[in-house]
Amino acid sequence: MWLISLFKASQLLIQQPLTCLSAFCLKDTDTKGRFSSPVLDVTEKQLIIERNQTLQLNCRGRWELQWVLPSGTPKVHHGTQIEETRCGKKNNQYCSRLMLSPALAQHTGSYRCRYRQKHRKQASVYVYITDSQRPFVKVQSEIPDVVYMKEGEPLVFPCRVTNPDAKVSLVKFPFHPIAPDYRNIIWNSRQGFTIRSPTFFYIGLFSCETIVNGVKYSNKFLTHRPVNKILDVYLNSTGLVHTLQGQMLALNCTVTAEWNARVSISWTYPQKANGSATIIRRISRSRTNMLFYSVLTIPRLSKADRGLYKCHVTSGPSKRETNTTVIVYDQPFIRLKHRDGPVVHASAGQKSFRLTPKLKAFPEPEVIWLKDGMVAAEQCSRYHVDRFSLVIRDVAEEDAGIYTIHTGIQQYGLFQNLTLTLVVNVKPQIGEKAVSSQQPGTVQRGSRQALHCTSHGVPPPQIQWLWHPCPPKAMIVFIFACMQEFIFIFLFFSQTVGVLTVGEALISGIYRCVASNLMGRDELDIHFYVTDVKGGLIASLEEEPREGGELHLVCIANRHVYSDLSWYRLTNQSPTSEGASVLGGELTEGQFSHTLYLLLKNVTAQDSGTYRCSATHLLTGEHTHLDTAVHPIVVTDKFIFPIR
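What counts as what
- Residues numbered from 1 in each chain as written.
- Predicted model: local features only at pLDDT ≥ 70, side-chain atom pairs only at ≥ 80, totals over all residues.
- Heavy atoms only, no water.
- Pairing = 2+ DSSP bridges.
- Helix = DSSP H or I, 4+ residues; strand = E, 2+ residues; numbered from the N terminus.
- Axes fitted to C-alpha atoms, helices over the stretch in contact; angles between N-to-C directions.
- Buried < 20%, exposed > 50% of the residue type's maximum accessible area, 1.4 Å probe, protein only.
- Phe/Tyr/Trp six-rings, centres within 6.5 Å; stacked < 30°, edge-to-face > 60°.
- Lys NZ or Arg CZ within 6 Å of the ring centre and 35° of its normal.
- Core = buried A, V, L, I, M, F, W, Y, C linked by side-chain atoms within 4.5 Å.
- Contact = heavy atoms within 4.5 Å.
- Disulfide = S-S within 2.5 Å.
- Salt bridge = Lys/Arg side-chain N within 4 Å of Asp/Glu carboxyl O.
- Patch = residues over 30% accessible without salt bridge, like charges linked within 9 Å, V, L, I, M, F, W, Y side chains within 5 Å.
- Areas by Shrake-Rupley, 256 points an atom, 1.4 Å probe, with all protein chains shown as cover.

Q: I'd like to hear about the sheet that holds strand β32 (residues 389-393), residue by residue, with values.
A: Here 3 strands make up an open sheet; going across it, the order is β27-β32-β31 and the pairing antiparallel. At either margin of the open sheet sits one strand with a lone partner, and together these are β27 (352-355) and β31 (383-386). Between one strand axis and the next, the sheet turns by 25° as a mean value, whatever way the strands run. Bridging between β27 and β32 involves 4 bridges; their strand directions are antiparallel. Along β32, the bridge assignment pairs S352 with R393.

Dropping the structure here:
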């Protein structure tokens, strides 16, 4: 009766321009603001009809309409009809009629009418099409359906039924019933069972079961917890792949993923359109993860196969890729040439230096380095070969020499050599510094002097002489001026000898020898003190000491070397200067030296003894002593007797 009434109402709706069927009918003249969403001719949220009956639904709206049917209901089917017309008094509305005959259990679901251009504006009704022999909408084969349990999402067992009043239970294999609690476990006839917060308990085989007329029906589901985490993707060759035309290429893409993960591996490569490669896949398991392999093989390479090879990996939403570039050569080759010319420079003391020529070759050649015609690595433990380079640790001057690199590809009979000259630059070192005394030297006034400065370095150093005269009063900070005259420079092998000739020594001062090259400089100061006193310090008597006469003791010291002249008399009680008293004297200053005079009047036997002249060395601060013995002589008419 319900179906007949619905059918009559729909007939009336068509005959009466769809204007007078309950709430569905609106006044034609009052369309302004109406039908913002389409309107169905039923007001209920759900309809229940029996199998093989006819389902008819009518929809009206302001714009063009379209129907969205349940997944089991095809639009193009001999039992499905859709009629579209313009309706309303002014034909300013759109009407659409859906007829499904016969209606079957698999047609159970939500029927929606919406605007063609505005999908969000829609009206819907859920229709149950009951069938006592088919309580579940889907009829399964013997293989269970797979449902996925995703992290953070509810788990749904989609066992929809054709009758909203069906009594359905959820059972975990083998005999573990699960009752709905409507908090975490919810039953809905339109969706099935929903587990809001599934745990690992829900991994396994489950079934939705119901009994109709004593017959048991079920839908079976196997839960699967998908794992999409890709741990690693790598190729057997991540760098450039060099190979020869005609050889075989094999690239292995290995994917490491978690247990239960499923991955898809695909390739893109230059000749993919021609299918020049074969791809073999396999899977293995370890204790902690899964390994997926995809091996791309090209039996005989051609120049067209060179280019970029990419391995693409997907696992659910996760995506990774890796790639390599394949370079195909026509034939084997060696190209060897200098990188920065045939002569290279290193510095003595360098921690490490690398001899690296420009070498391109395929296949990779054997390399031997020679130094001065002998295998380098056998000459010194500081030499070692790193691929094509010779590395020298703690560079020394002895490492300079002729180096030759021998390269060869034995199987193809290819050989090539290259020679380099290594120059080890050395900072200048002045040889006289190692043997020269720190004591300043004195030169005799008016003498001719030759000052030598011998320096070793690479490249050979240049010698420059600087000069500063001594100040008239005391030794102070020196300001040097360049000496240009009387300079001779000689080169002996790796040594430079500079000779400065002083024609006549008249002025005291300091000569500085400066040896320099691009590595640095070294300096030597030569103290040049002109003296009129032999040895720089003398003590003497001006006359023979005679009893009753006068005696002059003289102490002369170079003014630029010594100071603090003083006379002491040593006695048995005071055998050293420290215990003796200063005798005084008269000091006179000359151009080259200071003179301290000591006058003894009316000399007697009591004046006999040792008289000491003491001076302080200006640079070292040491005390220097010269002793003079005084023994007065007694003069008689016939004999001279020394007084003891």
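The rest of the description comes next.
Q: Run through the pairing of strand β7 (residues 109-115), naming residues and quoting values.
A: Of all 7 residues that make up β7, 5 are buried, and the element is covered over most of its length. Across 4 bridges, strand β4 (residues 65-68) lies against β7 in antiparallel orientation. What sits directly across from V68, in β7, is R112. As paired strands, β7 and strand β8 (residues 122-130) are joined by 6 bridges and run antiparallel to one another. Within β8, the position partnered with C113 by the bridge is A123. The hairpin turn running from β7 into β8, its antiparallel successor, is 6 residues long.

Q: If you had to explain the packing of aromatic side chains to someone new, which residues and values would you point to?
A: Note on aromatic pairs: each is described by the distance of the centres and the angle between the planes. Across all of its chains, the model carries 13 aromatic pairs by this definition. Residues Y329 and F333 carry aromatic rings whose centres are separated by 5.0 Å and whose planes lie at 65° to one another, so their mutual orientation is edge-to-face. Between Y383 and Y403, the ring centres sit 6.5 Å apart and the planes meet at 70°, which makes this aromatic pair edge-to-face. With Y383 in strand β31 and Y403 in strand β33 (residues 401-409), this pair connects stretches of sequence that are 20 residues apart. With relative accessibility at 0%, the residue Y403 sits in the buried group. Here the aromatic residues F157, F201, Y202, F206 and F221 are joined through ring pairs into a cluster of three or more. When the ring centre of Y94 is taken as reference, the NZ or CZ atom of R86 above it lies at 4.1 Å. Just above the ring of W63 sits the side chain of K118; from NZ or CZ to the centre is 4.1 Å.

Q: Now, about the side chain of H107: what can you tell me, with residues and values included?
A: As for its placement among the helices and strands, H107 is situated in the loop between β6 (93-100) and β7. What makes H107 buried here is its relative accessible area of 4%.

Q: Can you tell me about unusual backbone geometry, naming the residues and giving the values?
A: Here F173 and P174 are connected by a cis peptide whose omega angle stands at 5°. With respect to the helices and strands, the residue P174 is situated in the loop between β11 (169-172) and β12 (176-178). Look at N52: it is not a glycine, yet its phi comes out positive at around 75°. Structurally, N52 can be placed in the loop between β2 (46-50) and β3 (55-61). According to the relative accessible area criterion, N52 is partly exposed, its value standing at 44%. Non-glycine residue R387 carries a positive phi angle of around 55°. Along the chain, R387 turns up in the loop between β31 and β32.

Q: With reference to specific residues and values, describe the nonpolar core.
A: By size, the foremost hydrophobic cluster in this structure holds 26 residues, and its most contacted members are L249, V255, I265, W267, Y309 and V313. Elements that contribute at least two residues to this core include exactly β17 (230-235), β19 (249-257), β20 (264-268), β22 (290-298), β23 (307-315) and β24 (318-329). The element best represented in this core is β19, accounting for 5 residues. In contact with W267, not counting residues within four places along its chain, are L235, L251, C253, K272, I279, S294, L296, K310, C311 and H312. The next biggest cluster of nonpolar side chains, apart from the first, holds 23 residues, and it includes V344, L355, W369 and L420.

Q: Describe in detail the state of the cysteines, supporting the description with residues and values.
A: Evaluated as defined, the whole model comprises 6 disulfides. Through a disulfide, C87 is tied to C95; the S-S separation comes to 2.0 Å. With the S-S bond torsion at 85°, the cross-link from C87 to C95 turns out right-handed. You can call C87 buried: its relative accessible area is 4%. Disulfide pairing is shown between C453 and C513; the S-S distance is 1.9 Å.

Q: Lay out the pattern of salt bridges with the relevant residues and their values.
A: Taken as a whole and judged by the stated rule, the model has 19 salt bridges. For R51, the salt bridge goes to D131, with nearest N and O atoms at 3.1 Å. Within this pair, whereas R51 is found in the loop between β2 and β3, its partner D131 is found in the loop between β8 and β9 (145-148), the two being separated by 80 residues in sequence. Each member of the salt-bridge network shares a partner with another, and the members are R512, R521, E523 and D525.

Q: Please provide a residue-by-residue account of the environment of G503, values included.
A: One can find G503 in the loop between β40 (495-502) and β41 (509-517). Since its relative accessible area comes to 38%, G503 is described here as partly exposed. Taking the C-alpha atoms as reference points, G503 and G446, 57 residues apart in sequence, are found 8.3 Å from one another. Not counting the four nearest positions on each side in its chain, G503 is found in contact with S447 and R448.

Q: Describe the pairing of strand β48 (residues 609-617), listing the residues and the values that go with them.
A: Of all 9 residues in β48, 8 are buried, a share of seventy percent or more. Summarising the sheet, strand β45 (residues 562-570) and β48 pair through 7 bridges and their orientation is antiparallel. When the bridges of β48 are listed, Y562 appears paired with H617. As paired elements, β48 and strand β49 (residues 623-630) share 8 bridges and run antiparallel to each other.

Q: Tell me about the sheet that holds strand β21 (residues 278-285), and name the residues and values.
A: As summarised here, the arrangement of the 4 strands in space is β17-β19-β22-β21, forming an open sheet in which the pairing is antiparallel. At either margin of the open sheet sits one strand with a lone partner, and together these are β17 and β21. For this sheet, the mean angle separating the axes of adjacent strands, direction not counted, is 15°. Across 8 bridges, β21 lies against β22 in antiparallel orientation. Counted as the bridge partner of R281 is S294 from β22.

Q: Could you give an account of a nonpolar patch on the surface, naming the residues involved and the relevant values?
A: A surface patch of nonpolar side chains, about 280 Å² in accessible area, is lined by V146, Y148 and L222. Within the element layout of this structure, L222 appears in strand β16 (residues 215-224). Judged by relative accessible area, which is 40%, L222 ranks as partly exposed.

So, to be careful, I would describe these as geometric facts and stop short of saying anything about function.
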